[in-house]
Each structure stands twice: as structure tokens, then as C-alpha cells.
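# Architecture and fold: a report
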Amino acid sequence: MNIEQITDVDARAAKHAALGDASRLRIVDLLTLGDLSPTEIRVALGLPANLITHHLNALEAVGIVARSRSEADKRRSYVHLTDTALHGLTPGRVERANRVVFVCTANSARSQLAAALWSAHSSIPASSGGTHPAERIDPGAMAAADRHSLDLPDEPPRAHDAVVTDSDFVVTVCDNAHEELGVTGHLHWSIPDPVRIGSVDAFDTAYDELERRIIQLAPRLAAS
């Protein structure tokens with residue numbers, strides 16, 4: 001982890017610590033819809049002025065709130081949320097990649113669907129491979145792709161070691177592939193094998209879960 005990442009985590013931790021007080025959370029709630037003077041905050045919360053000052057100082061110290069002088073009564077100030085007040089409060093890592101490669105065992109269903117879904121949600125290139133590639137993409141996967149207007153490649157499954165390079169961001173989408181490869185991948189998604197079950201529901205469930213995870217990952221993966 002580099003210095004920038006450590007600093008970012010420290011800043012996020014400081015925000016969480018500041019918001020660990022119920023009164024400060026209430027202040028942030030009040031400020032989400034508009035600016036308030038410290039006196040107005042004191043009245044809304046029913047707390048003494050010195051305690052309101054303490055809470056505002058704590059929130060200001062971590063960059064959640066800022067104050068501006070009134071253009072009318074120069075003795076009055078208004079408190080507002082900063083542009084970055086709530087940034088970083090949702091846990092999540094950000095990565096960089098030249099290409100994303102999805103890997104399962106046969107490269108006949110989950111990894112193929114994942115790569116196609118990724119291309120629909122991100123401009124970062126995607127590919128797929130299998131630890132033990134099948135001879136063809138499974139018909140159930142093809143049918144699921146058709147039901148969701150998703151284009152799968154017109155080529156046979158490929159071995160992951162013929163696809164993956166050192167610069168790729170690797171996501172294993174089946175437990176067998178993940179456990180066979182060990183910790184060589186960047187992420188693992190435990191998606192049940194729809195081919196083993198063979199039903200339309202199984203393929204649609206795998207599709208939906210892959211899409212949900214890809215929608216979450218795509219904004220947090222930047223091009224290198």
C-alpha cells in the first residue's frame with residue numbers, strides 16, 4: 001500500500017471517528033438540506049452553545065463542515081457541508097488495470113458472461129479464460145445472453161494461462177478455479193456453477209449476480 005492510500009484511509013478513519021457522536025450525526029443531517037448558523041443548530045438540537053462549538057470544531061477539523069461569514073450581519077456565520085463532506089465514508093478499495101480477465105474452470109459460462117457484461121459497463125478491455133477450458137460455450141450461457149441482449153464472443157473457450165498477462169486484473173468467478181490458482185488473482189467472486197444445474201433460473205441467477213458485482217466494481221477500477 002502506498003503513502004497516498006495510507007493517508008486516504010487515515011482521513012476516512014478520522015471522519016468516521018468524528019461522526020461517532022450522535023449529536024454530530026444530527027448536525028450533518030440538518031446541514032444536508034441547507035446552511036445553518038451555530039445558533040440555529042443549537043436551537044434545533046437543544047444543546048448549550050459551548051457544546052455546539054465543540055462539535056462544529058470537530059467536524060471542521062476533518063473537513064466535513066466549513067463556515068462562511070454572513071453578508072448581512074458580519075458577526076454571524078453560517079455552517080455548511082463541504083463538497084467532500086461525505087466522500088470516503090463508504091468502505092471500498094480503488095484499483096487500476098489495463099485489462100480485466102475473468103476466470104472460471106471451463107470458460108464456458110460464468111467467465112464468458114462476466115467478460116461480456118464488463119464490456120457493457122466499462123471502457124476497460126475485458127477477456128476470459130478457464131483453468132480447464134471446455135470445447136464450446138455452454139448453450140445455457142448463450143441462451144441467457146440472448147435473453148438479456150448480451151453478445152458473447154464467437155470463439156471457443158480459452159485456457160487462462162494463454163490469456164492472462166502480468167498486467168491484467170484477474171477476477172475468478174468460480175471456487176474451483178480460485179482454489180486451483182491460489183492467491184494469484186486480484187478478486188474472487190463465489191458464483192455457483194449454472195452449468196451443473198442446467199436450468200434457466202440457474203443461468204439467470206448467475207447472470208444477475210455477475211451483473212450486480214460488475215456494476216459495483218466498474219466505478220472503482222480505473223484504467224492504468
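Described in the following lines is the structure provided in the data block. (Residues numbered from 1 in each chain as written. Predicted model: local features only at pLDDT ≥ 70, side-chain atom pairs only at ≥ 80, totals over all residues. Heavy atoms only, no water.)

## So, the nonpolar core
Nonpolar side chains in soluble globular proteins generally cluster together in the buried interior. The line we're drawing: Here, the term nonpolar core denotes a set of buried Ala, Val, Leu, Ile, Met, Phe, Trp, Tyr and Cys residues that are joined through side-chain atoms within 4.5 Å. Under the scheme applied here, a residue whose accessible area is under 20% of the maximum for its type counts as buried, over 50% as exposed, and between as partly exposed, the area being computed with a 1.4 Å probe on protein chains only. Working definition: helices are DSSP H or I runs of at least four residues, strands are E runs of at least two. Numbering for both runs from the N terminus. Residues count as neighbours in contact if any of their non-hydrogen atoms are within 4.5 Å of one another.
Of all hydrophobic cores here, the largest spans 39 residues; its most connected members are Phe102, Trp118 and Trp189. Those elements giving two or more residues to this core turn out to be β4 (100-104), α5 (110-121), α6 (139-147), β6 (169-172), α7 (175-181) and α9 (200-217). Discounting chain neighbours no more than four positions away, the residues touching Trp189 are Phe102, Val171, Thr172, Val173, Cys174, Leu210, Arg213, Ile214 and Leu217. Of all hydrophobic cores here, the second largest spans 18 residues; its members include Ala18, Val65, Val79 and Ala85.

## A short note on the packing of aromatic side chains
Threshold: To pair, rings of Phe, Tyr and Trp, with the six-membered ring standing in for Trp, must have centres within 6.5 Å; the planes then decide the type, stacked if under 30 degrees apart, edge-to-face if over 60, and tilted in the middle.
Per the stated rule, a full pass over the model turns up two aromatic pairs. A centroid spacing of 6.2 Å and a plane angle of 55 degrees characterise the contact between Phe102 and Trp118, whose relative ring orientation is tilted. Taken together, the residues span a long stretch of sequence, with Phe102 in strand β4 and Trp118 in helix α5 at a distance of 16 residues. The residues Phe102 and Trp118 share a single accessibility class, namely buried. Both rings, one in Phe102 and one in Trp189, keep their centres 6.0 Å apart while their planes meet at 45 degrees; by these two values the pair is tilted. Remark: Trp189 occurs in the loop between β7 (187-188) and α8 (194-197) and Phe102 occurs in strand β4; sequence separation between them is 87 residues. The class for Phe102 is buried, based on a relative accessible area of 0%. Classification of Trp189 by relative accessible area gives buried; the value is 6%. Chaining the aromatic ring pairs together yields one cluster made of Phe102, Trp118 and Trp189.

## Things to note about the sheet that holds β6
The condition that has to hold: A pair of strands is considered paired only if DSSP assigns at least 2 bridges between the two.
Sheet architecture is open: four strands sit in the order β5-β4-β6-β7, paired in parallel fashion. Two strands close off the open sheet at either side, each with one partner strand: β5 (126-130) and β7. Here two bridges tie β6 to β7, and the two strands are oriented parallel to one another. For Val171, the partnering residue across the bridge sits in β7 and is Leu187.

## What about the pattern of salt bridges?
Applicable threshold: A pair is scored as a salt bridge if a Lys or Arg side-chain nitrogen falls within 4 Å of a carboxyl oxygen belonging to Asp or Glu.
Scanning the model with the defined rule gives eight salt bridges in all. The closest approach of N and O atoms between Arg67 and Glu60, which form a salt bridge, is 3.1 Å. The exposure class assigned to Arg67 is partly exposed, which follows from its relative accessible area of 30%. You can call Glu60 partly exposed: its relative accessible area is 34%. Across the salt bridge formed by Glu155 and Arg158, the nearest N and O atoms sit 3.7 Å from each other. Given a relative accessible area of 39%, Glu155 falls into the partly exposed group. The structure contains a network of salt bridges with shared partners spanning Glu209, Arg212 and Arg213.

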